[in-house]
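Breakdown of the fold
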Amino acid sequence: MKRFSLSSFAVGITLALGFTAPAVAQQQGSIASYIVSIGGINVSTIDIRLGLEGASYQLDVVADVAGLAQVVAQGSGAVNSGGAITATGLQSSRFYLETRAADERFALQTVYSGGNASVGDVSPALTESVDRVPVNASHRSGVNDPLAAFILRGQALDGTLCNRTLRIYTGIERFDMPLTYVETTTATSTRTAYQGPVVLCAMRYVPISGHFETSEITAYLRDSNRMLVWYMPLNDSGFFIPYRVLMGSSFGDISMVLVGLQ
């Protein structure tokens with residue numbers, strides 16, 4: 001986690017380092033529950049709470065280790081995002097992440113204003129390395145955090161949801177996630193919490209700065225052509241949330257699928 005990137009964020013979630021909500025007031029809102037699996041083996045359960053109040057939102061993530069992952073994954077942490085509701089989704093004003101494993105603690109906090117982000121406050125500080133691509137001020141302009149970016153807002157469940165690029169700055173790394181429309185289909189599995197129309201978007205990972213040039217995971221994600229997200233409507237709220245996320249990896253597909261919605 002000290003080299004925080006899309007890859008470490010995804011792996012951190014899928015290995016379920018015990019994310020729990022930070023000490024902030026919980027708002028009433030929708031809770032989407034997911035099961036994360038790697039190579040068909042369940043490793044984590046994740047609850048994502050979206051609280052809406054006027055023109056503001058709050059996102060909290062709670063996760064627990066499941067199945068065989070309990071043998072290998074230990075730790076706890078917190079993830080929170082808050083900010084403003086816009087015509088196309090959510091715009092972060094703050095992003096907070098904390099993880100604890102054994103006697104190690106990692107914390108990251110980033111502030112956003114009008115889509116412009118501050119330099120992330122990281123503890124412990126990152127070790128300087130010539131291998132890390134520098135983040136300049138322009139890279140922190142017109143960006144969102146890695147939670148808020150994936151909650152979309154639109155007029156309809158159609159291909160227009162995919163016609164966008166998610167410009168993400170975590171506080172350490174800057175990358176783009178271009179979405180491309182693939183198809184509109186129907187979710188039918190009774191093992192999930194939703195049966196109905198979904199829109200499938202293909203994703204790409206485009207590293208810009210803050211990553212390490214020699215990182216094998218960064219290179220793998222950059223070259224991957226198998227990153228997919230299916231979007232579904234969040235009741236009649238006008239928001240659209242992931243129904244399923246699939247990412248290919250050398251150790252099997254990483255899949256996150258909706259199993260509960262309140």
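About the cut-offs
- Residues numbered from 1 in each chain as written.
- Predicted model: local features only at pLDDT ≥ 70, side-chain atom pairs only at ≥ 80, totals over all residues.
- Heavy atoms only, no water.
- Helix = DSSP H or I, 4+ residues; strand = E, 2+ residues; numbered from the N terminus.
- Buried < 20%, exposed > 50% of the residue type's maximum accessible area, 1.4 Å probe, protein only.
- Contact = heavy atoms within 4.5 Å.
- Areas by Shrake-Rupley, 256 points an atom, 1.4 Å probe, with all protein chains shown as cover.
- Salt bridge = Lys/Arg side-chain N within 4 Å of Asp/Glu carboxyl O.
- Core = buried A, V, L, I, M, F, W, Y, C linked by side-chain atoms within 4.5 Å.
- Pairing = 2+ DSSP bridges.
- Phe/Tyr/Trp six-rings, centres within 6.5 Å; stacked < 30°, edge-to-face > 60°.
- Disulfide = S-S within 2.5 Å.
- Polar contact = N/O pair within 3.5 Å; in protein donor to acceptor, adjacent residues only side chain to side chain.
- pLDDT = per-residue confidence, 0-100.

Looking at the overall build of the protein
Scanning the protein from N- to C-terminus turns up three helices and 16 strands. Counting only residues that meet the buried cut, the protein has 51% of its 262 residues in that class. Intrachain contacts of the protein at a sequence separation of at least 6 include 58% that bridge at least 24 residues. Carbon and sulfur atoms make up 53% of the accessible area of the protein, which amounts to about 12100 Å² in all.

Digging into the pattern of salt bridges
Overall, the coordinates contain four salt bridges when judged by the stated rule. Asp 176 is paired through a salt bridge with Arg 174; the nearest N and O atoms lie 2.6 Å apart. One exposure class covers both Asp 176 and Arg 174, and it is buried. Its salt-bridge partner being Arg 222, residue Asp 223 comes within 3.1 Å of it at the nearest N-O pair. For Arg 222, a relative accessible area of 45% puts it in the partly exposed group.

Some thoughts on the nonpolar core
Side chains that are nonpolar tend, in soluble globular proteins, to be buried together. In this structure, Leu 90, Phe 150, Leu 166, Met 177, Tyr 231 and Tyr 243 are the most contacted members of the largest nonpolar core, which totals 62 residues. Aside from chain neighbours lying at most four places away, what touches Leu 166 is Ala 149, Phe 150, Leu 152, Phe 175, Asp 176, Met 177 and Leu 179.

Points about the pairing of strand E10 (residues 164–169)
Relative to strand E11 (residues 174–187), E10 runs antiparallel, the two sharing six bridges. The residue bridging Thr 165 from the neighbouring strand is Pro 178, located in E11. Once E10 ends, the chain turns through four residues before running back antiparallel as E11, passing Gly 171 with a positive phi of about 110°.

Some points on unusual backbone geometry
For the peptide bond that leads from Ser 123 to Pro 124, omega is -5°, which places it in the cis range. Tracing the chain through its elements places Pro 124 in the loop between strand E8 (121–123) and strand E9 (152–153). Positive phi, close to 50°, is recorded for Asn 235, a residue that is not glycine. Take Asn 235: it is sitting in the loop between strand E14 (227–233) and strand E15 (239–247).

Observations concerning the packing of aromatic side chains
Taken as a whole and judged by the stated rule, the model has two aromatic pairs. Taken together, a centroid distance of 6.0 Å and an interplanar angle of 65° make the contact between Tyr 194 and Tyr 243 edge-to-face. Placement of Tyr 194 in the loop between E11 and strand E12 (196–203) and of Tyr 243 in strand E15 is noted, with a sequence separation of 49 residues between them. Look at Tyr 243 and you get buried, because its relative accessible area is 8%.

Regarding the state of the cysteines
Going through the model one piece at a time under the given rule, you end up with one disulfide. Here Cys 162 engages in a disulfide with Cys 201; their sulfurs sit 1.9 Å apart. Taking the torsion about the sulfur-sulfur bond, which here is approximately -70°, the covalent link between Cys 162 and Cys 201 counts as left-handed. Of this pair, Cys 162 sits in the loop between E9 and E10 while Cys 201 sits in strand E12, and the two are 39 residues apart along the sequence. Cys 201 carries the same exposure label as Cys 162, and that label is buried.

Overview of the environment of Val 133
Checked against the element boundaries, Val 133 lands in the loop between E8 and E9. By relative accessible area, Val 133 is classed as buried at 17%. Among residues more than four places away in sequence, those in contact with Val 133 are Ile 208, Ser 209, Gly 210, His 211 and Glu 213.

As for the side chain of Ser 209
For Ser 209, the position within the fold is in strand E13 (residues 206–209). Within the structure, Ser 209 has its side chain in polar contact with the side chain of His 139 (distance 2.9 Å). If we skip the residues at most four places from it in the chain, Ser 209 touches Val 133, Pro 134, Val 135, His 139, Ile 172, Glu 173 and Arg 174.

Brief notes about the confidence of the model for the protein
Chain-level statistics for the protein give a pLDDT mean of 83 and a share of 82% at 70 or above. For the stretch residues 1–27, pLDDT sits under 50, and the model shows 91 contacts to residues farther than four places along the chain or on other chains. Taken together, the stretch residues 67–73 has pLDDT below 50 and engages in eight contacts with residues farther than four places along the chain or on a different chain.

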